[in-house]
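# Overview (structure and organization)
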Amino acid sequence: MDVLGTVALITGGASGLGAATARRLFDAGASVVLVDLPGSAGDAFAAELNASAGAAEGAASGGAAAGGGRRAVFVPADVTDEAQVQAAVDAASALGPLRILVNCAGIATPGKVLGRDGVLPLDAFSRVIQVNLVGTFNVIRLAAAAMAATEPASTELGGPERGVIINTASVAAFDGQIGQPAYAASKGAVAAMTLPIARELARSLIRVVTIAPGIFETPMMAGLPQEAQDSLGRQVPHPSRLGRPAEYANLAAHIVENAMLNGETIRLDGAIRMSPK
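Below: a short report on this structure. (Residues numbered from 1 in each chain as written. Predicted model: local features only at pLDDT ≥ 70, side-chain atom pairs only at ≥ 80, totals over all residues. Heavy atoms only, no water.)

## A few points about the pairing of strand 3 (residues 72-76)
Heads up, the condition is: Accessible area is worked out with a 1.4 Å probe on protein chains only. A residue is then buried under 20% of its type maximum, exposed over 50%, and partly exposed in between. Helix and strand labels come from DSSP, where a helix needs a run of H or I of at least four residues and a strand needs a run of E of at least two; each type is numbered from the N terminus. For two strands to count as paired, DSSP must find a minimum of two bridges between them.
Most of strand 3 sits out of view: four of its five residues are buried. Here strand 2 (residues 31-36) pairs with strand 3 via five bridges, running parallel. When the bridges of strand 3 are listed, Val-32 appears paired with Ala-72.

## Things to note about the side chain of Asn-138
Under the convention used in this document: Contacts are residue-level and defined by heavy atoms, with any inter-residue pair within 4.5 Å sufficient.
On the secondary structure map, Asn-138 appears in helix 4 (residues 122-148). We classify Asn-138 as buried; its relative accessible area is 6%. Not counting the four nearest positions on each side in its chain, Asn-138 is found in contact with Val-79, Thr-80, Asp-81, Glu-82 and Val-85.

## Quick word on the layout of surface pockets
Quick note on the threshold: In this analysis the probe radius is 1.4 Å and the grid spacing 1 Å, with only protein atoms considered; a cavity is a set of points the probe fits into but cannot get out of, a pocket is an open set with protein on both sides within 12 Å along at least five of seven lines, and lining residues have an atom within 4 Å of a point. Grid points are joined across faces, edges and corners, and a volume is the space filled by probe spheres set on the points. Gly is placed with the polar residues, together with every amino acid not listed as nonpolar (Ala, Val, Leu, Ile, Met, Phe, Trp, Tyr, Cys and Pro) or charged (Asp, Glu, Lys and Arg).
If you add up the space inside the largest pocket, you get close to 1,300 Å³. Here the residues of the lining of the largest pocket are counted per class, giving 27 nonpolar, 15 polar and six charged.

## Quick look at the packing of helix 1 (residues 16-27) against helix 9 (residues 245-257)
Quick reminder of the rule: Orientation is described by axes fitted as lines to C-alpha atoms, over the contacting stretch for helices, and by angles from 0 to 180 degrees between their N-to-C directions. Each angle is binned into one of four classes, with values under 35 degrees roughly parallel, values over 145 roughly antiparallel, values of 65 to 115 roughly perpendicular, and all other values oblique. Two helices cross in a left-handed way if the nearer one is turned anticlockwise from the farther one by less than a right angle. They cross in a right-handed way if the turn is clockwise.
Relative orientation of the contacting elements helix 1 and helix 9 amounts to 50 degrees, with a least axis distance of 8 Å. Judged on the interaxial angle alone, helix 9 and helix 1 are oblique. The interaxial crossing formed by helix 1 with helix 9 has right-handed handedness. Residues Gly-16, Leu-17, Ala-20, Thr-21, Arg-24 and Leu-25 of helix 1 pack against Pro-245, Ala-246, Tyr-248, Ala-249, Asn-250, Ala-252 and Ala-253 of helix 9.

## Here we look at the environment of Ala-182
Its place among the elements puts Ala-182 in helix 6 (residues 181-201). A relative accessible area of 5% means that Ala-182 is categorised as buried.

## With respect to the pattern of salt bridges
Note the following rule: Put simply, a salt bridge is a Lys or Arg side-chain nitrogen that is within 4 Å of an Asp or Glu carboxyl oxygen.
In the structure shown here, the tally under the stated rule is eight salt bridges. Of the charged contacts, one joins Arg-23 and Glu-48 as a salt bridge, the two residues approaching to 2.7 Å between their closest N and O atoms. Remark: Glu-48 occurs in helix 2 (residues 42-59) and Arg-23 occurs in helix 1; sequence separation between them is 25 residues. The class for Arg-23 is partly exposed, based on a relative accessible area of 33%. Classification of Glu-48 as partly exposed rests on a relative accessible area of 41%.

Function cannot be inferred from these measures alone, as they are strictly geometric.
See the structure below:
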């Protein structure tokens, strides 16, 4: 599917992997709806993208082709809230046919089953599952309904398509470490539901693919001391560093453009296999 002229909805779109993906798709000609929590940098980031489009249009001959009418819009929402997510989907559909969903919103609250302070509270486990799994599914189902109602878009190689859904799992889905039972369970479930949803939505000409990143430079990672970040980067076989959000964004854009990618979870990890702790 050609990114140009589409509308993309990106959760967790105000920072990290989501922001990098929004910028990549916006630069390729898509309008983007950034979904993130109230109080995030979503408004400022949307304004930055819109300003960059205006500058590109001004520099283009006649002020026409570069921006192409694309827009960036921020919609504050909790991915677990049905009404708020529906409002974000409606905002995306108002800009044009919603063709792309990228689910990047998530939390990584650690917690051992038997920690120093006792048994892991059930609500702490449930909260991670609710955001990472239920929240992802909530956005999938509402965005898929909007995609299924659009007219199919013609593609050069792959035939007609209505949309592409990209989810974010983690290598923790396969190599979960001590202290990650909730996170690993949530991301493992995101990977597990990829194929059945892809099989179901195939009749609607919608593809579903999941990316499982390794250790990436994200706001959560930025909270660690630089020495700790460097140590984690050295654990990656090659390239021996932390992944960069732009590398996630590049893969997301390729998934959109490559019609044969469907029903799969792709590790993006530099060949790392996480140790027990």
